[in-house]
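Structural overview for review
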Amino acid sequence: MIVSNSATSTTGKPVGIWAAELIHPYDVFKAAGCQVTIASSQGGPVELDALSDPRDSSGFSSLDILSAKYLTQSTFTDQLSNTPAIADLNTHDYDAIFVCGGQGTLYTFPEDQALTDLFVSFYQDEKPSATLCRGACLLLNATLDNGEPLIQGKMITGFSKKEEQWMDQNVGPMMVPFVLEEEAKKRGAKFVASSAFTPFAMQDGNLITGQQRNSGFQTAGLVLKALDLDFDDSH
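Described below are features of the structure shown in this document.

Cut-off values and rules
Residues numbered from 1 in each chain as written. Predicted model: local features only at pLDDT ≥ 70, side-chain atom pairs only at ≥ 80, totals over all residues. Heavy atoms only, no water. Helix = DSSP H or I, 4+ residues; strand = E, 2+ residues; numbered from the N terminus. Rg over C-alpha atoms; globule rule 2.2 N^0.38 Å. Buried < 20%, exposed > 50% of the residue type's maximum accessible area, 1.4 Å probe, protein only. Contact = heavy atoms within 4.5 Å. Areas by Shrake-Rupley, 256 points an atom, 1.4 Å probe, with all protein chains shown as cover. Axes fitted to C-alpha atoms, helices over the stretch in contact; angles between N-to-C directions. Left-handed = near helix turned anticlockwise from the far one by under 90°. Nonpolar A, V, L, I, M, F, W, Y, C, P; charged D, E, K, R; others polar. Expected span 1.5 Å × (residues − 1). Salt bridge = Lys/Arg side-chain N within 4 Å of Asp/Glu carboxyl O. Arc of directions from axis to C-beta.

Helix and strand counts for the protein chain come out as eight helices and ten strands. In summary, the protein chain has a C-alpha radius of gyration of 16 Å against a globular reference of 18 Å for 235 residues, a match within 12%. Along the first, second and third principal axes, the C-alpha atoms of the protein chain reach 50 × 40 × 35 Å. A burial count over the protein chain gives 53% of its 235 residues as buried. Long-range pairs, those at least 24 residues apart, make up 72% of the contacts in the protein chain with a sequence separation of at least 6. As presented, the protein chain carries roughly 10500 Å² of accessible surface, and 46% of it is formed by carbon and sulfur atoms.

With that out of the way, let us pick up the environment of Y94. Its place among the elements puts Y94 in the loop between α3 (74–81) and β5 (97–99). Take Y94: its relative accessible area is 24%, and that puts it in the partly exposed class. C-alpha of Y94 to C-alpha of T37: the two residues are 57 residues apart in sequence and 9.1 Å apart in space.

At E126, a residue that is not glycine, the phi angle is positive and equals roughly 60 degrees. Tracing the sequence through the fold places E126 in the loop between α5 (113–124) and β6 (129–132). Using a relative accessible area of 67% as the deciding quantity, one classes E126 as exposed. Positioned with a positive phi, C133 is a non-glycine residue whose angle comes to about 55 degrees. Within the secondary structure layout, C133 lies in the loop between β6 and β7 (155–156). Here C133 falls in the buried class, since its relative accessible area comes to 3%.

Across the interface, helix α1 (residues 19–31) lies against helix α8 (residues 216–226) with an axial gap of 8 Å and an inter-helix angle of 35 degrees. Where α1 crosses over α8, the handedness of that crossing is right-handed. Touching H24, P25, V28 and F29 of α1 are G216, F217, A220, G221, V223 and L224, all from α8. Partitioned by chemical class, the residues of the contact of α1 with α8 number seven nonpolar, three polar and no charged.

With that settled, consider α5. Spanning twelve residues, α5 covers 16 Å between terminal C-alpha atoms, matching the ideal 16 Å at 1.5 Å per step. Along α5, the residues classified as buried are L115, T116, L118, F119, V120, F122 and Y123. The elements touched by buried residues of α5 are β1 (2–3), β5, β6 and β10 (207–210). Remark: E126 follows α5 within two positions and exhibits a positive phi of approximately 60 degrees.

Let's shift gears to the pattern of salt bridges. What the rule picks out here adds up to six salt bridges. Here R55 and D53 are joined by a salt bridge, their closest N and O atoms 2.9 Å apart. The class for R55 is exposed, based on a relative accessible area of 55%. Notably, a salt bridge pairs K185 with E181, separated by 2.9 Å at the nearest N-O pair.

Turning to helix α6 (residues 161–170), its buried residues number three or more, namely E163, E164 and M167. Seen from one end, α6 has its buried residues packed into an arc of 105 degrees, which puts them on one side. For α6, the exposed residues lying more than 90 degrees away from the buried face are K162 and Q169.

Laid out in structure tokens, this is it:
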């Protein structure tokens, strides 16, 4: 599982991972018996987007009980305090890649060539290759060995324009440098979205994408199915 290192948003606030977009799929993978590594490009400590933290005074994610539970467990939080850098991992040891979302991704992923190349290597090796929510921004500059954009002609989803507009109207001024849906369509992707904040995930070949923070269970479930592992869809 790949998470963003910390960044500073256009509003000057620190941004990083959206808690549910790491924790919910992580919980699915662990329940299925998977060995999971939480890694980042630079390694070291990573942080949550404040609004995604159930403990945040805003109360925005106060109903995210599962994330609240994990954030009290040192066995989990210690992993966020010292993530391995992707350069230090032997990627051949892994059967799938899952790119988590969060506002930090929009500032750290698109121009990260090493991370993009890593994702493309999993994809071209026909391993399940997944992104969740804004983590799909990693796909914008991903190019296959034949020179074609990875998402050209592909059906994908991610944080939609309607969802960005909702955040803009209900949380505060646009806090992101670009709108994922618009940029994906410019690159030839067939962007599909369900109703705002409805759980939704889809698969096109071995490319798996989830729409937003409420889609982590479904996205992880598609990864498990692609690995021929059992998925408890009672979530």
